[in-house]
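Residues per chain are reported as follows:
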Amino acid sequence: DDRTIHIGFSQAMTTDEWRQQMNKSMRIEAALHPEVALDIRDAQNDVNQQVKDIGNLIKTNPDVLIVSPIASEPITSVVQKAYEHGIPVLIVDRKIQGESFSAFLGADNIEVGRTAANYIAANSTGSGKVIEITGLEESSPAYERALGFAQGLRKYPAISIVATIHGDWEKTSVKTPLRKLFSERTDIEYVFAHNDRMAQGAWEVAQSMGLEHQIKFVGVDGLNTPNGGIQLVKKGKLEATVLYPTGGNEALKLALEIVQGKSFARNYILNTIVINKMNAELMENQMNKIDQQQAIMDSQQQAIQQQEAKYTSQNTLLKLVTVL
Ligand code: FRU
């Protein structure tokens, strides 16, 4: 059908809930537009696989290509190839290098880092000594969150980063080095981890050493899922998390605007906010409401499609009967 809008999406991986949530909200938004065919390819956190996925998506000649890169540098040239082919490219969350893309959508990660710095400075009641746990080195949010965090702390000489652990976004990467650090020094007040999964890993290490009430943990993501940041805050494991929206539905909406030739911003920045005990419940309720509304719209859309299918088949039957 030539009215179909083909949207290809190269997703970095789907092992974590943040990415699952991104895909889910993108699919729900796509379902609201019956003319959209959404093709999601999962690179399973393998850069070579993502290069292949994007190559294969280029062959399908999509109306828009959405890419959430695993790492910046290795994904840049294949994205450039798509862009030079005339395919509009929308980059989400992690960035590529250079300018060969149509638009970028995501929260400002420098701002995320700065927000964490301001939060820790405003709530510090002890030594002000912080361990920072970074995300995967070659992915832009890790670099930008570290940059924003350092920038933010410059205003507060009483707060200092005394050690940095280079994580890879997953909690197993942080445990051994953190256990060593916790046993070497007793003056740590805060751990700032670049996402909630690593922050949870840090809390687990502290708990295994009986330190979970002494050290405070701040993460990033703030997912509203059973294991997500909002619940971790409500359970008191994290003192706070900085919301990092996945942008799944916004990405799909923006992709459609690009196809429809509407004018669009080159940088579409999603909002961020600190979630702590004060607003965790409120955020949970708000997000639940949005989820419920999306589910309702989704089921209404499905009902409409079923009705349409029924109508088409009845119509065909009617025509057949008339012919006979
Ligand atoms: C999900 C994730 C998030 C993090 C984001 C950064 O795969 O690791 O936890 O905020 O990627 O790109």
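See the structure above.
Residues numbered from 1 in each chain as written. Predicted model: local features only at pLDDT ≥ 70, side-chain atom pairs only at ≥ 80, totals over all residues. Heavy atoms only, no water.

With that settled, consider the sheet that holds strand 9 (residues 216-221). Each strand in a sheet pairs with its neighbour through backbone hydrogen bonds, running either in the same direction (parallel) or in the opposite one (antiparallel). Ordered by their spatial adjacency, 6 strands build an open sheet running 7-6-8-9-10-12, and the pairing between neighbours is mixed. The open sheet terminates on both sides in strands that have one partner only, identified here as strand 7 (160-166) and strand 12 (274-276). Taking each pair of neighbouring strands and ignoring which way they run, the sheet shows an average axis angle of 20 degrees. In this structure, strand 9 lies alongside strand 10 (residues 240-243), joined through 4 bridges in parallel fashion. Bridging from a neighbouring strand, Val220 pairs with Val242 of strand 10. (Pairing = 2+ DSSP bridges. Helix = DSSP H or I, 4+ residues; strand = E, 2+ residues; numbered from the N terminus. Axes fitted to C-alpha atoms, helices over the stretch in contact; angles between N-to-C directions.)

To continue, consider the pattern of salt bridges. Overall, the coordinates contain 15 salt bridges when judged by the stated rule. A salt bridge links Glu99 to Arg266, with the nearest nitrogen and oxygen atoms 2.7 Å apart. Here Arg266 lies in the loop between helix 9 (248-259) and strand 11 (267-270) and Glu99 lies in the loop between strand 4 (89-92) and strand 5 (103-107), a separation of 167 residues in the sequence. Note on Glu99: relative accessible area 57%, which makes it exposed. Here Glu184 ties to Lys180 by a salt bridge, and the two come within 3.1 Å at their closest N and O atoms. On the criterion of helical spacing, the pair formed by Glu184 and Lys180 is a turn pair, its members being 4 residues apart in helix 6 (residues 172-184). (Salt bridge = Lys/Arg side-chain N within 4 Å of Asp/Glu carboxyl O. Buried < 20%, exposed > 50% of the residue type's maximum accessible area, 1.4 Å probe, protein only.)

This part takes up a nonpolar patch on the surface. On the surface, Leu317, Leu320, Val321 and Leu324 cluster together to form a nonpolar patch covering roughly 480 Å² of accessible area. Among the structural elements, Leu320 can be located in helix 10 (residues 280-323). With relative accessibility at 52%, the residue Leu320 sits in the exposed group. (Patch = residues over 30% accessible without salt bridge, like charges linked within 9 Å, V, L, I, M, F, W, Y side chains within 5 Å. Areas by Shrake-Rupley, 256 points an atom, 1.4 Å probe, with all protein chains shown as cover.)

This next bit is on the site of the ligand. Residues in close proximity to the ligand include Asp16, Trp18, Arg19, Asp93, Arg94, Pro141, Arg145, Trp169, Asn195, Arg197, Asp221 and Tyr244, which together make up its full environment. Asp221 places a side-chain nitrogen or oxygen 2.5 Å from an oxygen atom of the ligand. Protein burial of the ligand: of its 320 Å² of free accessible surface, 100% is covered by the chains. When grouped by side-chain class, the residues that make up the shell around the ligand number 4 nonpolar, 1 polar and 7 charged. (Near = heavy atom within 4 Å. Polar contact = N/O pair within 3.5 Å; in protein donor to acceptor, adjacent residues only side chain to side chain. Nonpolar A, V, L, I, M, F, W, Y, C, P; charged D, E, K, R; others polar.)

Scope: geometric values only; no functional claims are made or implied.
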